[in-house]
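# A look at the structure
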Amino acid sequence: MSDLTTPYLGLTLKSPLVASACPVTESVPNIRELEDAGIGAVVLPSLFEEQLELESNALDEDLWRGADSFPESQSILPDLQTYNLGPDGYLDLILGAKEAVDIPVIASLNGVSPGGWAEYARLMAEAGADAIELNIYSIAAEPAESAMEVEKGYVDLVRQIKRTVRVPVAVKLSPFFSAPANMAMRLDEAGAGGLVLFNRFYQPDFDIESLEVVPRLTLSHPDELLLRLHWAAILFDHVEADIAITGGVHSATDVIKCMMAGARVAMMASALLHKGIPHAAYVLADLRRWLDDHEYDSVQQMCGSMSRRSVEDSTAFERGNYMRVLSSYTFRSDAFKK
Ligand SMILES: Cc1cc2nc3c(=O)[nH]c(=O)nc-3n(C[C@H](O)[C@H](O)[C@H](O)COP(=O)(O)O)c2cc1C
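Residues numbered from 1 in each chain as written. Predicted model: local features only at pLDDT ≥ 70, side-chain atom pairs only at ≥ 80, totals over all residues. Heavy atoms only, no water.

## A short note on the environment of Phe317
Locating Phe317 in the fold gives a position in the loop between α12 (278-293) and α13 (320-327). A relative accessible area of 17% means that Phe317 is categorised as buried. A C-alpha to C-alpha distance of 31 Å links Phe317 and Glu145, two positions 172 residues apart in sequence. Ignoring anything within four residues of it in the chain, the contact list for Phe317 reads His230, Ala233, Ile234, Met306, Ser307, Arg308 and Val311. (Helix = DSSP H or I, 4+ residues; strand = E, 2+ residues; numbered from the N terminus. Buried < 20%, exposed > 50% of the residue type's maximum accessible area, 1.4 Å probe, protein only. Contact = heavy atoms within 4.5 Å.)

## Quick word on the packing of helix α1 (residues 28-36) against helix α5 (residues 86-100)
Closest axis-to-axis distance for the α1/α5 pair is 9 Å, and the angle between their directions is 35 degrees. Crossing geometry of α1 relative to α5 is assigned as right-handed. Contact with α1, carried on its side by Val28, Ile31, Arg32 and Glu35, involves Leu93, Gly96, Ala97 and Ala100 of α5 and no other residues of that element. Taken together, the residues of the contact of α1 with α5 break down into 5 nonpolar, 1 polar and 2 charged. (Axes fitted to C-alpha atoms, helices over the stretch in contact; angles between N-to-C directions. Left-handed = near helix turned anticlockwise from the far one by under 90°. Nonpolar A, V, L, I, M, F, W, Y, C, P; charged D, E, K, R; others polar.)

## As for the packing of aromatic side chains
How two aromatic rings sit relative to each other is set out by the distance from centre to centre and by the angle between their planes. Throughout the structure, instances matching the rule amount to 4 aromatic pairs. Judged by centre distance (4.5 Å) and plane angle (35 degrees), the rings of Tyr137 and Phe201 are tilted. Of this pair, Tyr137 sits in the loop between β6 (131-135) and α7 (147-164) while Phe201 is found in the loop between β8 (194-197) and β9 (205-207), placing the two residues 64 residues apart along the sequence. Given the relative accessible area of 16%, Phe201 is considered buried. Ring geometry for Phe176 versus Phe201: centroids 5.5 Å apart, planes at 50 degrees, classification tilted. With Phe176 in the loop between β7 (169-173) and α8 (180-189) and Phe201 in the loop between β8 and β9, this pair connects stretches of sequence that are 25 residues apart. Exposure remark for Phe176: the relative accessible area of 62% places this residue in the exposed category. (Phe/Tyr/Trp six-rings, centres within 6.5 Å; stacked < 30°, edge-to-face > 60°.)

Following this line, the structure appears as structure tokens:
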């Protein structure tokens, strides 16, 4: 039987399928079930910079004064004390999970600005987290802020967290950079042990009757994987950090594509939310079957086999492919005729 073990962030995972940060990983019984299903590691839901700043009272007054002046915002803001268990509940979750399972438990911090909140990474590590995933979810909405400043902020934050903890730090980031490969290299140099490609961005929707801006979250579609495969294939062998893919991983085929592109792990959230935790076991059984049928001894054997470095026609990942993609579309002029 093929070997599914996978190195990620200096840890050895029993499989390359990782449960991504989402409500599924918010309880110890779920985490135990994920381990039983064969999941290689879990990423806990994030604690947010805003929550931790609130804890230190820095944001408290401003935020709630703001909420009072705009009553509608009270329904938009989650309860910061308790969201994703809140700062205290979060440490209990780490402790409980570490006691209950043998797979690595990765804690997640979500923020963007440098500050005291990042010190919380140390408490996460002290509670037993095997690694920290830092989700930098930044919307560069301030016209006066340059791309250089935004990027420097990312790198500084990674450096700050790295100074705070000894455990490995992975960075979950956005694809929206002018030069994503350069950004990946700089995060690598700043000490990121893993690059998690990519955040999904949740654009607010408009309610045209009430004239309100409403939050909207839809689960992912496997098509979203293509952007991640593209960049994993480009970055493979260019960064020391392990590459993880999140966004559009729903099946064993998706996991295989991630590995072939050059990722060490494939992360799953939407499919677990939609189909339940047992789906992970089906995916891993399909993965094993496929590897055996194709005579792979291990999942690592195919890591990067479809990366830009490995394929014969590397233009498939570059501008050269643009025209090929467009010209591959066959327009049927009779399609609109009745
Ligand atoms: C309901 C929900 C909650 C999520 N919460 C978090 C979170 O707390 N932190 C985080 O980094 N990502 C969070 N995510 C993003 C997922 O971890 C994942 O990156 C994203 O959904 C793409 O993976 P998927 O296609 O498998 O869903 C959340 C996603 C969903 C659907």
